[in-house]
Amino acid sequence: MVDPELTYLDFAATSAVRPGEVTAAVTAFLESVGATSGRGGHRLAVAAGRIALRTRQGLARLLGLPGDAGRIVFTLNATHALNTALFGFLRRGDAVVVTPFEHNAVLRPLHILAERRGIEVRNVPGDSSGALDPVAYARAVEGARLVALNAVSNVTGTRLDVAGLARIAHAAGALVLVDGAQAAGHVPFEPAADGADLLGLSGHKGLLGPQGVGALWVRDGVWIEPLLSGGTGGDSLDPAMPAAYPDHLEAGTTNGPGIAGLGAGVDWLLAHGVRALHERLGQLKSALYEGITAIAGVRVISPPAPDGAGIVTFVARDIDPSSLAARLDREHGVLCRPGLHCAPEVHRMLGTHRTGAVRLSLGWSSTEADVARAVRAVDMVVTSRTPTGTLGAARA
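Here's what I pulled together on the structure shown here.

Cut-offs applied
- Residues numbered from 1 in each chain as written.
- Predicted model: local features only at pLDDT ≥ 70, side-chain atom pairs only at ≥ 80, totals over all residues.
- Heavy atoms only, no water.
- Pairing = 2+ DSSP bridges.
- Helix = DSSP H or I, 4+ residues; strand = E, 2+ residues; numbered from the N terminus.
- Axes fitted to C-alpha atoms, helices over the stretch in contact; angles between N-to-C directions.
- Contact = heavy atoms within 4.5 Å.
- Buried < 20%, exposed > 50% of the residue type's maximum accessible area, 1.4 Å probe, protein only.
- Core = buried A, V, L, I, M, F, W, Y, C linked by side-chain atoms within 4.5 Å.
- Phe/Tyr/Trp six-rings, centres within 6.5 Å; stacked < 30°, edge-to-face > 60°.
- Lys NZ or Arg CZ within 6 Å of the ring centre and 35° of its normal.

Attention now goes to the sheet that holds strand S4 (residues 120-123). Ordered in space as S2-S8-S7-S6-S5-S3-S4, the 7 strands form an open sheet in which the pairing is mixed. Among the strands making up the open sheet, the edge pair consists of strand S2 (72-75) and S4. Geometrically, the sheet is characterised by an average inter-axis angle of 20 degrees between neighbouring strands, direction not taken into account. Relative to strand S7 (residues 198-202), strand S6 (residues 175-179) is paired through 3 bridges, and the arrangement is parallel. From the neighbouring strand, Val178 faces S7, where its bridge partner is Leu199. Running over the sheet, helix H2 (residues 43-63) touches S2, S7 and strand S8 (214-218) and is turned about 115 degrees from S2.

Right, here's the structure in full:
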């Protein structure tokens, strides 16, 4: 359990604070199941398979993913999912369109694919609001095979117009890969209805699961080659990976405890409602945004974005982001993330690519007290006021 004396504001990286049901599900799996889905027909393997199926079905309900839940393939994380999609779908000489909001989980695979397969990467300019240059985008999608869209920026918290951008892409004959790492569980999000053909998900962020599990959804009729090959528990005489999902992309032993925890996180979100959670966090974000903006010597670089995620990113005039974040942790127990956040093009667009920035990100357990403590802590560090008494007193 995270120390209650700490104020955790790094949910965009990981939901280090999780509902008790998630921890209980992981523990129960290890204590009472422990076997691997699809590896044998005994009762424990069957129990593991049922947990995996329920988690796939829960994800389908939460995100409105149509068709066979088996099209939801478990991965190690969103990076694994996005790599699987990119390496498995793009062919030599294909063109792919990207925005300034993409994470390195998309940019670095495309860099490799450009070198190895001659993939053409077409960059479309945008601004901090999440808008793209419409003329440049329309020109870029012509003749492209794939468009990669980050549904919610992990730096600014702003949402892209996935539905509108997907319509233009489909009209031009391109398919759409959506990075849902910062959207799923954080904001109301139905990617299939918005036009996603491929969707990468992280289990340990807004979906509240443990690290080590993510998912890739592949729309029916879309073919991608497996990134990995190996055992699937069935069709063992076939030298090729099975065509049927999820086995087609799930080589090797899956993370049973992680899948159980992810399933519990999804169940929690289904019970409490993502829309209601987003509305509550939107109010907290507004207070955090206003509080940080009011501090002298601070420049908030993320827009208010009320429909986006609970992220407020900023820089201070007289202290670098790493030192600021370290002091917030050491002196005030406020945990956040400085740096480039694995998204260099967003920072290049914002003019912070040389210094990075400090990101405060809210999550399911965030409170008004967390916001007040964070604002007070940033104010004290930026104005070089020394905290009095103990950590608890400084945060009171």
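What follows deals with unusual backbone geometry. The step from Tyr245 to Pro246 runs through a cis peptide bond, and the omega angle for that step is 5 degrees. Structurally, Pro246 can be placed in the loop between S8 and helix H8 (256-272). The residue Leu208 is not glycine, and still its phi comes out positive at about 70 degrees. Along the chain, Leu208 turns up in the loop between S7 and S8. Assessed through its relative accessible area of 2%, Leu208 is described here as buried.

So, on to the nonpolar core. Across soluble globular proteins, nonpolar side chains show a tendency to be buried alongside one another. Grouped together as the largest cluster of nonpolar side chains are 92 residues, with contacts concentrated most on Leu59, Tyr137, Phe189, Leu288, Ile292, Phe314 and Leu324. Apart from the residues lying within four places of it in its own chain, the contact partners of Phe314 are Ile292, Val298, Arg299, Val300, Ile301, Leu324, Ala357, Val358, Leu360 and Val378. With 25 residues, the next largest nonpolar core counts Leu82, Leu146, Leu198 and Tyr245 among its residues.

Another aspect to go through is the packing of aromatic side chains. For the structure shown, the criterion picks out 2 aromatic pairs. An angle of 85 degrees between the planes, with centres 5.0 Å apart, marks the rings of Tyr8 and Phe11 as edge-to-face. Residue classification places Tyr8 among the buried residues on the basis of a relative accessible area of 12%. We classify Phe11 as buried; its relative accessible area is 1%. Look at Trp268 and Trp364: their rings are 5.2 Å apart centre to centre, the planes differ by 70 degrees, and that puts the pair in the edge-to-face class. One end of the pair, Trp268, is in helix H8; the other, Trp364, is in the loop between strand S13 (357-361) and helix H12 (368-382), and 96 residues separate them in sequence. The buried category is assigned to Trp364, whose relative accessible area is 19%. The ring of Tyr245 carries Arg71 above its face, with NZ or CZ at 4.0 Å from the centroid.

With that out of the way, let us pick up the sheet that holds strand S10 (residues 311-316). A sheet is described by the order of its strands in space; here 4 strands give the open sequence S9-S10-S13-S12, paired in antiparallel fashion. Among the strands making up the open sheet, the edge pair consists of strand S9 (298-300) and strand S12 (337-339). On average, each strand axis in the sheet is tilted by 30 degrees relative to the strand beside it, whichever way the strands run. Across 3 bridges, S12 lies against S13 in antiparallel orientation. By the bridge assignment for S13, Gly339 is matched with Ala357. Along the sheet, helix H9 (residues 274-293) contacts S9, S10 and S13; its crossing angle with S10, the most-contacted strand, is approximately 10 degrees.

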